[in-house]
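Descriptive analysis of the structure
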Amino acid sequence: GLTGASSVSAGAAFSCAVLNAGAAGTVKCWGLNTNGQLGDSTVVQKTSPVAVSGLVGAVQVVTGTSHACARLSDGTVKCWGLNTNGQLGDNTTVQKTSPVLVSGLTSVASIAAGGSTTCAVLTTGAVKCWGLNTNGQLGDNTTVQKLVPTAVSGIDGTAAKATVIAVGASHTCALITDGSVRCWGLNTSGQLGDNTLVQKLIPTTVKA
């Protein structure tokens, strides 16, 4: 029964889709709902799509392990689901079964989620991240989790501008306007591409 879908994203055991992206855009989700990651104001799993409560204006949806976020047509972001590490960005660690506004985040061009971390690229090219930061995956030169969006060091829209962001379970990468890629976070398997196995707390250029 799902029609009008323009994009889709899959989390650990649930999926979400944007319908009719734009000012009237909505999101429907299905699957596991233990932490409210379907956003329908319940914690009951659904085997077919259900509407995310009260969400309109959606243009993009992304999913982490147990949370989801939608970018809205007005440049803001709303998130729902598990929030143990502040991955919803609403300055709390309380899970939400329906969307809440990410604190202080505007002019967002794109978003990405992975594990318990969420990131956004602003229209200026700056990057902000929030949530789990055990391995420096927020890129702010700390390993302290953040409950609200925090600037990624060096990708500030001036010294460097990002066009695309991607978030893994414990590391993050950004495509820069000059065609290079910078990554940060866990690096035990060389996932940062900098020819080391050392985690990085700030963006490091992937080596050619």
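Look up: the structure comes first, before these words.
Residues numbered from 1 in each chain as written. Predicted model: local features only at pLDDT ≥ 70, side-chain atom pairs only at ≥ 80, totals over all residues. Heavy atoms only, no water.

1. Brief notes about the state of the cysteines
- Evaluation of the coordinates by the stated rule reveals four disulfides.
- Shown here is the disulfide that connects C16 with C29, its sulfur atoms set 2.1 Å apart. Between C16 and C29 the disulfide shows an S-S torsion of about 105°. By sign, it is right-handed. Placement of the pair is C16 in strand β2 (residues 14-19) and C29 in strand β3 (residues 26-31), with a sequence separation of 13 residues.
- Overall, C29 belongs to the buried group, its relative accessible area being 0%.
- Across the disulfide from C173 sits C183; the S-S distance is 2.0 Å. In this structure, the disulfide formed by C173 and C183 twists by about 110° around the S-S bond and is classed as right-handed. You can see C173 sitting in strand β14 (residues 171-176) and its partner C183 sitting in strand β15 (residues 181-185), a full 10 residues away along the chain. (Disulfide = S-S within 2.5 Å. Helix = DSSP H or I, 4+ residues; strand = E, 2+ residues; numbered from the N terminus. Buried < 20%, exposed > 50% of the residue type's maximum accessible area, 1.4 Å probe, protein only.)

2. Focus: the pattern of salt bridges
- Tallying each qualifying case throughout the model produces four salt bridges.
- Across the salt bridge formed by D90 and K96, the nearest N and O atoms sit 2.7 Å from each other.
- Using a relative accessible area of 13% as the deciding quantity, one classes D90 as buried.
- Exposure remark for K96: the relative accessible area of 18% places this residue in the buried category.
- As a salt-bridge pair, D194 and K200 come within 2.7 Å of each other at their nearest N and O atoms.
- Residue D194 is classed as buried on the basis of its relative accessible area, which comes to 4%.
- Judged by its relative accessible area of 19%, K200 falls in the buried class. (Salt bridge = Lys/Arg side-chain N within 4 Å of Asp/Glu carboxyl O.)

3. Structural notes on the sheet that holds strand β8 (residues 96-101)
- The strand order across the open sheet formed by four strands is β5-β6-β7-β8, and the pairing between neighbours is antiparallel. The open sheet is flanked by β5 (58-63) and β8, the only strands paired with a single partner. Geometrically, the sheet is characterised by an average inter-axis angle of 20° between neighbouring strands, direction not taken into account.
- Bridging between strand β7 (residues 77-81) and β8 involves three bridges; their strand directions are antiparallel. By the bridge assignment for β8, K78 is matched with L101. (Pairing = 2+ DSSP bridges. Axes fitted to C-alpha atoms, helices over the stretch in contact; angles between N-to-C directions.)

4. Things to note about the sheet that holds strand β16 (residues 200-205)
- In spatial order, the strands read β13-β14-β15-β16; together these four strands make up an open sheet with antiparallel pairing. Each of the sheet's edge strands pairs with one partner strand only, and the pair in question is β13 (162-167) and β16. Adjacent strand axes in the sheet meet at a mean angle of 20° when their direction is disregarded.
- Taken together, the five bridges between β14 and β15 define a ladder with antiparallel strand orientation. Note that in β15 the partner of L175 across the bridge is V181.

5. Quick notes on the pairing of β7
- Burial of β7 is extensive: four of the five residues sit out of reach of the surface.
- Where strand β6 (residues 67-72) and β7 come together, five bridges link them in antiparallel fashion. Residue A68 lies in a different strand from β7, and its bridge partner there is W80.
- Counted along the chain from β6 to the antiparallel partner β7, the turn is four residues long, and its residue G75 has a positive phi close to 90°.

6. Focus: the side chain of S116
- Relative to the elements of secondary structure, S116 occurs in the loop between β9 (108-114) and β10 (117-122).
- The class for S116 is buried, based on a relative accessible area of 15%.

7. Structural notes on the side chain of S110
- Take S110: it is sitting in strand β9.
- Once you skip the residues sitting within four places of it in the chain, S110 turns out to touch Q60, R71, C119, A120, V121 and T163. (Contact = heavy atoms within 4.5 Å.)

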